[in-house]
Amino acid sequence: MQKFERMPLKLKLALSGCLTLGLMAPIAVHADDHQDGAPPGSVFDLSYWKITLPTDNNRDEKPDEIGVSALQSFSHSDFFYLNEDGHMVFAAPNKAPTTANSSNTRSELRQMLRGTNTRIKTHEPGNNFAVEARRSSDMFGAIGGRMDATLRVDHVSINAGDPTKRPSYSAVVGQIHALKYDNTRSGFGYGNEPIKIYYKKFPEHETGSVFWTYERNLAKDDPDRTDLAVPAFGFTWDSSEDPGANGIALGEEFSYTINVHRNTMYVTFHNERLGTVQQSRSLVRGADAKDNPYAYGGDSLYFKAGVYNQCSTRTGESMWYSGCPGTGVWETDKADGNYAQATFSRLVVGPSTPPE
């Protein structure tokens, strides 16, 4: 298969261990086996994840991160814990510390294919996956991969300064992210997202919509860089219409699978009431004439899962700035409904599988 030879490999490769890293099967622990106060890592296999939290306990003006080793015994009573059913809860208020390239808060896992082998740096190929057609794809932690999740969204912010902004009243509960490179002359390394899975519910509606977006893989200042939305259950963020019986209620369980096999991303959604929706998109051919012609064919990729609150407190012309209210005090913001929360009963990463 043709490789993307115009993509020079700028990242250093830690040769030790990277060729044997793989995506692991779920740990053989059941949710009903947990004990009160036990960390999520006692029920879910978190041995290939780190987490970013909406806190800044060390006061470095950055959100706190818990690495792979520490995460196995870690929980946070407000933002990351097991509920009484042994399910993994993620919560994020509208106002809290955010990462450098985002105005949104999160309680979100980041895939770490290296596990505890910190000789491999976070941004090196051994800690990330690539499509098959990428140059030197065999030197990555994996070629493709699959993430399966079953969850319910418990809450999205019920307030927004500008309800017309697309991200208002929504949260992202799963995504694939691409690494941001220092040198993007190759046409890759912009740090964009080939998929983000959204749940959005207007306060006056009984149900919300589940949809996903594909971001055209272009430079930040390119006016054509935008997110193309695809509905699963209900509508996308372009509609304020009530999805009614075709939507998903808060607290209603649904599942998603993101399966990057060879050079294609296969996306599956399932809900017991609404059935199964299957979709796909090439990651080596542009989604349309305005996209990067090779899509994400030269990028380094990783999975993320949890709750990424899309109700930003920032204001301005950007579509992302909804001006959502928040005080930064969790007890107050939770009482006022200015937060997002999702509960996962299943989260598994593993090797890609051929499409059915």
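Residues numbered from 1 in each chain as written. Predicted model: local features only at pLDDT ≥ 70, side-chain atom pairs only at ≥ 80, totals over all residues. Heavy atoms only, no water.

Novice: Go over the state of the cysteines, please, and point to the residues and values.
Specialist: Overall, the coordinates contain one disulfide when judged by the stated rule. A sulfur-sulfur distance of 1.9 Å marks the disulfide that ties cysteine 311 to cysteine 324. Judged by the sign of its S-S torsion, about -75°, the bond between cysteine 311 and cysteine 324 is left-handed. Placement of cysteine 311 in the loop between strand S16 (301–309) and helix H3 (330–335) and of cysteine 324 in the loop between S16 and H3 is noted, with a sequence separation of 13 residues between them. (Disulfide = S-S within 2.5 Å. Helix = DSSP H or I, 4+ residues; strand = E, 2+ residues; numbered from the N terminus.)

Novice: Got a sec to walk through the nonpolar core? Specific residues and values, please.
Specialist: Within the largest apolar cluster, 65 residues are counted, with the highest numbers of intra-cluster contacts made by Trp49, Tyr256, Phe269, Phe344 and Leu347. If one sorts the elements of this core by residue count, strand S17 (residues 339–350) sits on top with six residues. (Core = buried A, V, L, I, M, F, W, Y, C linked by side-chain atoms within 4.5 Å. Buried < 20%, exposed > 50% of the residue type's maximum accessible area, 1.4 Å probe, protein only.)

Novice: Quick rundown of the environment of aspartate 288? Include the residues and the values.
Specialist: With respect to the helices and strands, the residue aspartate 288 is situated in the loop between strand S15 (275–282) and S16. A sequence separation of 72 residues divides aspartate 288 from arginine 216, and the C-alpha atoms of the two residues are 8.7 Å apart. Once residues within four sequence positions are removed from consideration, aspartate 288 is found in contact with Arg216 and Leu228. There is a polar contact of 3.0 Å between the side chain of aspartate 288 and the backbone nitrogen of lysine 290. (Contact = heavy atoms within 4.5 Å. Polar contact = N/O pair within 3.5 Å; in protein donor to acceptor, adjacent residues only side chain to side chain.)

Novice: How would you summarise a negative patch on the surface if you had to cite specific residues and measurements?
Specialist: A grouping of Glu204, Glu206, Glu241 and Asp242 is seen on the molecular surface, where their side chains present a negatively charged patch. By the secondary structure assignment, glutamate 204 is in the loop between strand S10 (195–200) and strand S11 (209–215). (Patch = residues over 30% accessible without salt bridge, like charges linked within 9 Å, V, L, I, M, F, W, Y side chains within 5 Å. Areas by Shrake-Rupley, 256 points an atom, 1.4 Å probe, with all protein chains shown as cover. Salt bridge = Lys/Arg side-chain N within 4 Å of Asp/Glu carboxyl O. Lys, Arg positive; Asp, Glu negative; His and termini not counted. Charge placed at Lys NZ, Arg CZ, Asp CG, Glu CD.)

Novice: How would you sum up the environment of tyrosine 308? Please name residues and give values.
Specialist: Topologically, tyrosine 308 is positioned in strand S16. It is 6.4 Å that separates the C-alpha atoms of tyrosine 308 and serine 107, two residues lying 201 residues apart in sequence. Apart from residues no more than four positions distant in its own chain, tyrosine 308 is found in contact with Ser102, Asn104, Thr105, Arg106, Glu108, Ala171, Val172 and Gln175.

Novice: Which residues make up the environment of leucine 274, and what values go with them?
Specialist: Among the structural elements, leucine 274 can be located in the loop between strand S14 (264–271) and S15. Owing to a relative accessible area of 26%, leucine 274 belongs among the partly exposed residues under this scheme. Sequence separation of leucine 274 and asparagine 246 is 28 residues, and the distance between their C-alpha atoms is 7.1 Å.

Novice: Go over the packing of aromatic side chains, please, and point to the residues and values.
Specialist: Per the counting criterion, the structure on display carries 13 aromatic pairs. Clustering of aromatic rings is evident, with ring pairs tying together Phe74, Phe80, Phe90 and Phe344. Sitting over the ring of tyrosine 308, arginine 106 keeps its end group 3.9 Å from the ring centre. Across from the ring centre of tyrosine 302, 3.5 Å away, lies the NZ or CZ of arginine 110, which sits over that ring. (Phe/Tyr/Trp six-rings, centres within 6.5 Å; stacked < 30°, edge-to-face > 60°. Lys NZ or Arg CZ within 6 Å of the ring centre and 35° of its normal.)

Novice: Mind laying out empty space enclosed by the protein, listing which residues take part and the relevant values?
Specialist: On inspection of all chains with the given rule, the structure shows two cavities of 30 Å³ or more. Approximately 60 Å³ is the volume attributed to the largest cavity. Considered class by class, the residues forming the lining of the largest cavity number five nonpolar, six polar and three charged. (1 Å grid on protein atoms, 1.4 Å probe; cavity = no way out; pocket = protein on both sides within 12 Å on 5 of 7 lines; lining within 4 Å. Points joined across faces, edges and corners; volume = space filled by probe spheres on them. Nonpolar A, V, L, I, M, F, W, Y, C, P; charged D, E, K, R; others polar.)

Novice: Can you tell me about unusual backbone geometry, naming the residues and giving the values?
Specialist: Positive phi outside glycine occurs at arginine 59, with the angle close to 55°. Following the sequence through the fold, arginine 59 ends up in the loop between strand S1 (49–52) and strand S2 (65–66). Accessibility expressed as a relative area gives 76% for arginine 59, which makes it exposed. In the Ramachandran plot, tyrosine 169 falls in the positive-phi region, its phi being about 60° despite a non-glycine side chain. Within the fold, tyrosine 169 resides in the loop between strand S8 (145–155) and strand S9 (170–178). Under the relative-accessibility criterion, tyrosine 169 is labelled buried at 6%.

On their own, these measurements won't tell you what the molecule is for.
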